[in-house]
Each structure stands twice: as structure tokens, then as C-alpha cells.
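Read off the chains here:
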Amino acid sequence: MKYFTLIIAFILFSCGEKKDVLLPKSSVTIVKDVQDHSPIYIFFKTEGKDTIADVNRKNSIISTNWIFNIDKRLPLKLLIPEVIKLQKKKRGDSAHKNENAQNYYSYADSIGKNLAFLPFTKVYYKMEIANNRSQLYFKKNGMVKYSGRKTYDFPKSNLKPFLDSLVINPKAQITFSYDKNMNYEEYIQCKILVKTIIDKKIPFVFINEDEEFIF
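Below or above, wherever it landed, is the structure these notes cover. (Residues numbered from 1 in each chain as written. Predicted model: local features only at pLDDT ≥ 70, side-chain atom pairs only at ≥ 80, totals over all residues. Heavy atoms only, no water.)

So, the packing of aromatic side chains
Consideration 1: Counting across every chain of the model gives 16 aromatic pairs.
Consideration 2: Centroid distance F68 to F120: 5.1 Å. Interplanar angle 80°. Geometry classified as edge-to-face. Of this pair, F68 sits in strand β4 (residues 65-70) while F120 sits in the loop between β6 (114-119) and β7 (124-126); the two residues are 52 residues apart in sequence, bridging distant segments of the chain.
Consideration 3: Between F138 and F176, the ring centres sit 5.9 Å apart and the planes meet at 20°, which makes this aromatic pair stacked. Pair noted here: F138 is in strand β8 (residues 134-138) and F176 is in strand β11 (residues 173-178), with a separation of 38 residues, a long-range link.
Consideration 4: Through pairs of rings, three or more aromatic residues link up here, namely W66, F68, Y105, F120, F138, F176, Y178, Y184 and Y187.
Consideration 5: Its end group placed over the ring of Y124, R91 keeps NZ or CZ at 3.7 Å from the ring centre. (Phe/Tyr/Trp six-rings, centres within 6.5 Å; stacked < 30°, edge-to-face > 60°. Helix = DSSP H or I, 4+ residues; strand = E, 2+ residues; numbered from the N terminus. Lys NZ or Arg CZ within 6 Å of the ring centre and 35° of its normal.)

Spelled out as C-alpha cells, the structure:
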């Protein structure tokens, strides 16, 4: 509960104005506790008809673990470029770099009633179409498209049985791509689904977790 208290306090008193971070929800906790952390806030902001990803990293310290508290309504096309900038900032600061410091996305576990975290330190984002032969593309409508020797479309709830049944070259690699119009909550739910599947060691499939394509 201490994490919720910190977030609420920031919302009420930051710069003398009220700001809200509506966190995404999931029914699974990947990481329950992160020590020695600094907060990054990315707010959902509107100016006229425009939506803006409003970043606040005033209290971040390069040598600590960074927790990204991001509004669930933000589309990836606005959010990910800001995440890329922050990643470059942390990776490029050699003077204060801590090799053990990680980056985490925060979200609310709706079952456990706790704040949870998803690590993404090693991910390199690319705002472009993936050129890999085998890829899974998560669409905004909850569907997944697999492109390989053949093309398949299926609901994301069928991802595990699909991968279980997929037979490809053991040396081949599957990359993950996401619809740029997908909102952050959908994205986090997709990543958690992928994480829970990968942790069960899907046979015959090499999954590239270090690159993600947004288009």
C-alpha cells in the first residue's frame, strides 16, 4: 500500500495542480516488490483536440531502479517515443550508471489488490515495421496476427495453444510487434500474457524479448 500512497501524494501536490495517473490492471503479479527505486510519471494530457504524453521524471536518480507509472489511456504511438528517450538517458549516463538498476512498468493487480511491476530493462523499441520472417503482431482489437510461412489470425487468449502447436526451425526467432494505436493498458496485458507463457518454456520456439516493434 505504500506505493499507492506515494502515487496519490504526487497526484495531489505536484506543481500545485492535480494530476491523475490511471494505472492499467491485470490479474497476475510478475514482480511484487522493488527496492531502491525512483518514480517516472507519464500523464495523459489533452490540449484542445490533441493528446499528449506528459512526462515528469524530476525525482528520478540514474543509479536506482526506475518505476514507470504510466496512464493506461495513452496510445503507444505517443507513449513509446517518450520511453525510448528515457531509456537512452539512463543507458547513456556512464558517470552514474548502475549495471544492476532495472526499469519496471507499474500496474495494479486486481486480484491480489497490490501494486505490481513488469521489468523491461533489456527491451529496445523500434517505431517501425519488423522485417523478421516470423512475428506475432498484437492488434488493438484483441486479435493476434502470426506471420511466417503461413499467416494466422486468432484471439490473444489462444496465444499459448497456438505457440504449443507451432513447429518452426529451432534456430528461427519470433519477434513481437504491437499496434501503435493500442493503449498502454492493452499493451501491458499483452506483455504479461507473453511473460507468463515464456516462463513456461514453450518448446521449439525461440522468442526475441529484447526487441519490440511498434507500428
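The rest of the description comes next.
Here we look at the side chain of S177
Consideration 1: With respect to the helices and strands, S177 occurs in strand β11.
Consideration 2: A polar side-chain atom of S177 sits 2.9 Å from a polar atom in the side chain of Q135.
Consideration 3: Discounting chain neighbours no more than four positions away, the residues touching S177 are A130, Q135, L136, Y137, F138, F213 and F215. (Polar contact = N/O pair within 3.5 Å; in protein donor to acceptor, adjacent residues only side chain to side chain. Contact = heavy atoms within 4.5 Å.)

Some points on the sheet that holds β8
Consideration 1: The 6 strands lie next to each other as β7-β12-β11-β8-β9-β10, forming an open sheet whose pairing is mixed. Either end of the sheet is taken by a strand with one partner, and the two such strands are β7 and β10 (151-155). Mean inter-strand twist for the sheet, computed between neighbouring axes without regard to direction, equals 25°.
Consideration 2: Helix α2 (residues 76-92) contacts β7, β11 and β12 (206-214) of the sheet and is inclined by roughly 140° relative to β7.
Consideration 3: Across the sheet, helix α4 (residues 184-198) lies against β7, β8, β11 and β12, angled at about 160° from β11, the strand it touches most. (Pairing = 2+ DSSP bridges. Axes fitted to C-alpha atoms, helices over the stretch in contact; angles between N-to-C directions.)

Focus on the pattern of salt bridges
Consideration 1: Counting across every chain of the model gives 8 salt bridges.
Consideration 2: Among the ionic pairs, R73 bridges to D71, the shortest N-O distance being 2.8 Å.
Consideration 3: Of the residues examined, R73 reaches a relative accessible area of 37% and is grouped as partly exposed.
Consideration 4: Taking the shortest distance from any N to any O, the salt bridge between K85 and E82 comes out at 3.6 Å. Taken as a pair, K85 and E82 lie in helix α2 at a separation of 3 residues, close to a single helical turn. (Salt bridge = Lys/Arg side-chain N within 4 Å of Asp/Glu carboxyl O. Buried < 20%, exposed > 50% of the residue type's maximum accessible area, 1.4 Å probe, protein only.)

Brief notes about the nonpolar core
Consideration 1: Residues I42, F68, Y105, Y125, L136, F138 and Y178 are the most contacted members of the largest nonpolar core, which totals 44 residues.
Consideration 2: The leading source of residues in this core is α4, at 8 residues.
Consideration 3: By size, the runner-up hydrophobic cluster in this structure holds 10 residues, among which are V21, L23, V34 and F43. (Core = buried A, V, L, I, M, F, W, Y, C linked by side-chain atoms within 4.5 Å.)

Some words on the side chain of Q135
Consideration 1: For Q135, the position within the fold is in strand β8.
Consideration 2: Q135 sits in the buried class, given a relative accessible area of 8%.
Consideration 3: Side-chain polar atoms of Q135 contact the backbone oxygen of A130, separated by 3.4 Å.
Consideration 4: Discounting chain neighbours no more than four positions away, the residues touching Q135 are A130, K145, Y146, S147, I174, T175, S177 and F215.

Some remarks on α2
Consideration 1: Compared with an ideal rise of 1.5 Å per residue, which puts 17 residues at 24 Å, α2 spans 23 Å between its outermost C-alpha atoms and is within 8% of the ideal.
Consideration 2: By the burial criterion, the buried members of α2 are L76, L79, I80, V83, I84, L86, Q87 and K90. (Expected span 1.5 Å × (residues − 1).)

Some points on the layout of surface pockets
Consideration 1: In this structure, the largest pocket spans a volume of roughly 360 Å³.
Consideration 2: For the largest pocket, the lining is made up of 19 residues, of which P119, F120, V123, K191 and E209 are closest to its centre.
Consideration 3: Elements with a minimum of two residues in the lining of the largest pocket: β6, β11, α4 and β12.
Consideration 4: Here the lining of the largest pocket takes 6 residues from β12, the largest share from any one element.
Consideration 5: Class assignment of the residues belonging to the lining of the largest pocket gives a composition of 9 nonpolar, 3 polar and 7 charged. (1 Å grid on protein atoms, 1.4 Å probe; cavity = no way out; pocket = protein on both sides within 12 Å on 5 of 7 lines; lining within 4 Å. Points joined across faces, edges and corners; volume = space filled by probe spheres on them. Nonpolar A, V, L, I, M, F, W, Y, C, P; charged D, E, K, R; others polar.)

Considerations on the environment of L163
Consideration 1: For L163, the position within the fold is in helix α3 (residues 159-165).
Consideration 2: In this structure L163 comes out as buried when scored by relative accessible area, which is 1%.
Consideration 3: Along the chain, L163 and I197 lie 34 residues apart, while their C-alpha atoms are 9.1 Å from each other.

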